[in-house]
Amino acid sequence: MTESFHLVCPSCNAVNRLASTKLDEHPLCGKCRQPIFNGHPLELNSGNIDRHLQRNDIPVLVDFWAPWCGPCKMMAPQFAQAAGSLEPRFRLAKVNTEAEPELGGQWGIRSIPTLVLFRAGREVARQSGAMGAQDIIRWAKSQA
Ligand SMILES: [Zn+2]
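In what follows, the accompanying structure is described.

Calculation criteria
Residues numbered from 1 in each chain as written. Predicted model: local features only at pLDDT ≥ 70, side-chain atom pairs only at ≥ 80, totals over all residues. Heavy atoms only, no water. Axes fitted to C-alpha atoms, helices over the stretch in contact; angles between N-to-C directions. Helix = DSSP H or I, 4+ residues; strand = E, 2+ residues; numbered from the N terminus. Parallel < 35°, antiparallel > 145°, perpendicular 65-115°, else oblique. Left-handed = near helix turned anticlockwise from the far one by under 90°. Contact = heavy atoms within 4.5 Å. Nonpolar A, V, L, I, M, F, W, Y, C, P; charged D, E, K, R; others polar. Core = buried A, V, L, I, M, F, W, Y, C linked by side-chain atoms within 4.5 Å. Buried < 20%, exposed > 50% of the residue type's maximum accessible area, 1.4 Å probe, protein only. Pairing = 2+ DSSP bridges. Disulfide = S-S within 2.5 Å.

## Here's the deal with the packing of helix α2 (residues 70-86) against helix α4 (residues 133-143)
Argument step 1. Taken N-terminus to C-terminus, the directions of α2 and α4 make an angle of 50°; their axes are 8 Å apart at the nearest point. Considered as vectors, α2 and α4 are oriented oblique to each other. Where α2 crosses over α4, the two elements pack in a sense that is right-handed. Contact with α2, carried on its side by M75, Q78, F79, Q81, A82, S85 and L86, involves A133, I136, I137, A140 and K141 of α4 and no other residues of that element.
Argument step 2. Class assignment of the residues belonging to the contact of α2 with α4 gives a composition of 8 nonpolar, 3 polar and 1 charged.

Here is the structure:
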């Protein structure tokens, strides 16, 4: 029996159901025909975060950051690079805590950057402080 996954489209937020064997075949969204994985972290906000955290059957790794934070800016290209390697086993996403302060509060973010790994809408791990791409990849795989 082929396992199937629910994946939320980063472009239109539609929930796609996909056979696990198709994960590596650059799947397109059934609704908007955009790639479900594009190698770039997805921007989350109060309008789309619940759907992405709760409806994805793969773990979602979220970078809580802010534009005024130097270490966050240093980590951004590292996180983007990690996205290219961790997809499609993980969804990588970012929350700008300056634009979305209530999300930082909701998840108790006390310092940034903080990475939080979610599975089925629940936090399973978190790590504060800037990390390089290889460390991000290693950490995510060890926690998932
Ligand atoms: Zn779509």
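Next, the rest of the story.
## Topic: the nonpolar core
Argument step 1. Ranked by internal contacts, the top residues of the largest apolar core, which has 19 residues, are V62, F64 and F118.
Argument step 2. Every element with two or more residues in this core is listed here: β3 (42-44), α1 (49-55), β4 (60-65), β5 (91-96) and β6 (114-119).
Argument step 3. For this core, the element with the highest residue contribution is β4, accounting for 4 residues.
Argument step 4. Setting aside chain neighbours within four positions, we find F118 in contact with L53, P59, V60, V62, F64, W107, E123 and V124.
Argument step 5. Ranked by size, the runner-up nonpolar core spans 16 residues in total, among them M75, F79, I136 and W139.

## Considering the environment of E3
Argument step 1. Within the fold, E3 resides in the segment before β1 (4-8).
Argument step 2. As for E3 and T21, which are separated by 18 residues in sequence, their C-alpha atoms are 7.9 Å apart.
Argument step 3. Discounting residues that sit within four places of it in the chain, E3 has contacts with L18, A19 and S20.

## Describing the sheet that holds β5
Argument step 1. The mixed open sheet is built from 5 strands, whose spatial order is β3-β5-β4-β6-β7. With partners counted over all chains shown, the strands left at the sheet margins are β3 and β7 (122-128), one partner each. Adjacent strand axes in the sheet meet at a mean angle of 30°, parallel and antiparallel pairs treated alike.
Argument step 2. Bridge count for β4 against β5 is 6 bridges, and the pairing is parallel. By the bridge assignment for β5, D63 is matched with K94.
Argument step 3. Strands β4, β5 and β6 of the sheet are contacted by α2, whose axis makes an angle of about 155° with β5.
Argument step 4. Across the face of the sheet, α4 comes into contact with β4, β6 and β7 while running at roughly 30° to β6.

## Brief notes about the side chain of E87
Argument step 1. On the secondary structure map, E87 appears in the loop between α2 and β5.
Argument step 2. Once you skip the residues sitting within four places of it in the chain, E87 turns out to touch F37, N38, G39 and H40.

## Structural notes on the state of the cysteines
Argument step 1. For the structure shown, the criterion picks out 1 disulfide.
Argument step 2. Shown here is the disulfide that connects C69 with C72, its sulfur atoms set 2.2 Å apart. Between C69 and C72, the S-S torsion sits near 80°, and that sign places the bridge as right-handed.
Argument step 3. Look at C69 and you get buried, because its relative accessible area is 4%.
Argument step 4. Given the relative accessible area of 1%, C72 is considered buried.

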